[in-house]
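Structure at a glance
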Amino acid sequence: MPTAPRPLSGPVDLRIEGVCARLRLTAPERRNALAPATVEGLLGALRTAEGTPGCRAAVLSASGPVFCSGLDLAAVTADAGQGAAVGEQMWELLTALATGPLVSAAVVTGRVTGGGVGLVSACDLVFAGPDASFQLTEALLGLVPATILPFLTARMGERAAFRAALLAEDIDAATAGELGLADTVSDRPEQHVRRLLLALRRTPRPDAAAELKRCRNLLRGIPEGYPDHARRLLADSLADPAVRARVAVLREEGLLP
C-alpha cells in the first residue's frame with residue numbers, strides 16, 4: 001500500500017509506492033524556491049526513500065507553473081551563516097541524486113531557473129513537458145553557478161554548460177532535449193516514468209540499477225577540493241554588497257520570491 005503524502009522539514013511531500021518514491025515540491029506561491037528548509041526537506045525525503053526496503057527510484061516533480069526558481073536568495077543573503085549551510089546541503093542533495101543508490105528522475109513542467117536547473121541536472125533522467133523552459137540566471141545577479149556546474153557539465157557537456165551559464169539564455173523544451181538537458185520531451189512525461197518503473201520491476205537483481213550508477217560514477221570525476229571551492233565561492237558571492245543590492249532590487253520588483 002502507498003504511504004500517505006507527508007511533509008518533511010520543508011514544503012516537500014513524499015509518497016512511496018512500491019519501487020518508487022515520489023518527491024513533490026509544494027510551494028507554488030514561492031515558485032518552489034530552494035529555501036534552506038526546502039533543501040533540507042528534499043534531502044530528508046531522499047534519505048527516507050533510500051532507507052525504504054524495495055524502493056529503487058526517486059521521482060521529483062513540482063506543483064504550480066514554476067517547477068523551481070532556484071536558491072531562495074532573499075533567505076540566504078539575509079544570514080551569511082545560513083548561506084554557507086545551504087551551500088553545503090545543496091551539494092549533498094545534488095550528490096545524493098547523482099550518485100545515490102536510487103535511480104533519480106525529474107518530471108519537469110513549467111519554468112526552471114538558477115539552482116533549480118542544477119537540481120534537475122543532478123537527476124539520472126529528466127522527462128520534460130513541452131512547456132518546460134530552463135535558464136541559468138546566476139550571471140544576471142553577479143553569481144557563479146559553481147555548486148551545480150559539475151552536474152550541468154555531466155549532462156550537457158562542458159561547452160554547452162559554460163555557454164548556458166555565461167549567457168543566461170532561455171532554453172525551451174525542444175532545445176533542452178537537443179542539448180541533453182532533458183532526456184525526453186513529450187506531452188505525457190509521466191508515461192516515461194511508467195516505462196522506467198517497469199524496467200526496474202522486471203530486472204531480477206534489485207541492485208542492478210544501483211550498480212550501473214556506480215559504474216557510471218567511476219567514469220566521472222570531480223577534482224579534489226572542488227566542493228570546498230564551490231562553497232567558498234557561493235558564500236563570498238552572497239556576501240558581496242553588489243550582489244545583495246541586486247537581490248534587494250529584484251525582490252522589490254517582484255522578480256524574486
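What comes next is a walk through the structure. (Residues numbered from 1 in each chain as written. Predicted model: local features only at pLDDT ≥ 70, side-chain atom pairs only at ≥ 80, totals over all residues. Heavy atoms only, no water.)

A few points about the packing of helix α6 (residues 149-156) against helix α7 (residues 158-167)
The geometry of α6 relative to α7 is characterised by a closest axis approach of 7 Å and an angle of 130 degrees between their N-to-C directions. In terms of orientation, α6 lies oblique with respect to α7. For the pair α6 and α7, the crossing hand works out as right-handed. Of α7, the residues touching α6 (which contributes Leu149, Leu152, Thr153 and Met156) are Glu158, Ala160, Ala161 and Ala164. Split into classes, the residues belonging to the contact of α6 with α7 amount to six nonpolar, one polar and one charged. (Axes fitted to C-alpha atoms, helices over the stretch in contact; angles between N-to-C directions. Helix = DSSP H or I, 4+ residues; strand = E, 2+ residues; numbered from the N terminus. Parallel < 35°, antiparallel > 145°, perpendicular 65-115°, else oblique. Left-handed = near helix turned anticlockwise from the far one by under 90°. Contact = heavy atoms within 4.5 Å. Nonpolar A, V, L, I, M, F, W, Y, C, P; charged D, E, K, R; others polar.)

Concerning helix α9 (residues 190-202)
End to end, α9 covers 19 Å across 13 residues, agreeing with the expected 18 Å (1.5 Å per residue, within 8%). Burial in α9 covers these residues: His192, Val193, Leu196, Leu197 and Leu200. Each buried residue of α9 sits inside an arc of 140 degrees when the element is viewed along its axis, so together they form one side. Along α9, exposed side chains directed more than 90 degrees from the buried face belong to Arg195 and Arg202. Taken together, the buried residues of α9 touch β3 (20-25), β4 (57-62), β6 (103-108), β8 (125-128), β11 (184-185) and α10 (208-219). (Expected span 1.5 Å × (residues − 1). Buried < 20%, exposed > 50% of the residue type's maximum accessible area, 1.4 Å probe, protein only. Arc of directions from axis to C-beta.)

Considerations on the environment of glutamine 191
Turning to its location among the elements, glutamine 191 is positioned in helix α9. A relative accessible area of 27% places glutamine 191 in the partly exposed class. Once the C-alpha coordinates of glutamine 191 and phenylalanine 127 are considered, the two residues, 64 residues apart in sequence, prove to be 9.3 Å apart.

What to know about the pattern of salt bridges
Scanning the entire structure with this criterion turns up 13 salt bridges. One salt bridge in this structure joins arginine 216 and aspartate 124, with 2.9 Å as the shortest N-O distance. Placement of arginine 216 in helix α10 and of aspartate 124 in the loop between α4 (115-121) and β8 is noted, with a sequence separation of 92 residues between them. Of the residues examined, arginine 216 reaches a relative accessible area of 25% and is grouped as partly exposed. The partner of aspartate 207 in a salt bridge is arginine 205, with the nearest N and O atoms 3.1 Å apart. For aspartate 207, a relative accessible area of 34% translates into the label partly exposed. Three or more residues joined by partner-sharing salt bridges are found here, namely Arg47, Glu50 and Glu92. (Salt bridge = Lys/Arg side-chain N within 4 Å of Asp/Glu carboxyl O.)

Structural notes on the pairing of β6
Taking burial as the measure, the six residues of β6 include six buried ones, the bulk of the element. The alternating pattern of β6 places Val103, Ala105 and Val107 on one face and Ser104, Ala106 and Val108 on the opposite face, and all of these are buried. Taken together, the four bridges between β4 and β6 define a ladder with parallel strand orientation. What sits directly across from valine 59, in β6, is alanine 105. (Pairing = 2+ DSSP bridges.)

Quick word on the nonpolar core
With 67 residues, the main nonpolar core has Leu42, Leu73, Leu93, Val108, Leu119 and Phe134 as its most contacted residues. The dominant element in this core, judged by the number of residues it contributes, is helix α3 (residues 80-99), at eight residues. The contact partners of leucine 119, leaving out residues within four places of it in the chain, are Leu25, Leu34, Leu42, Leu60, Leu93, Leu94 and Leu97. If you look at the next biggest cluster of nonpolar residues, it comprises 13 residues, including Cys20, Ala57, Val59 and Leu196. (Core = buried A, V, L, I, M, F, W, Y, C linked by side-chain atoms within 4.5 Å.)

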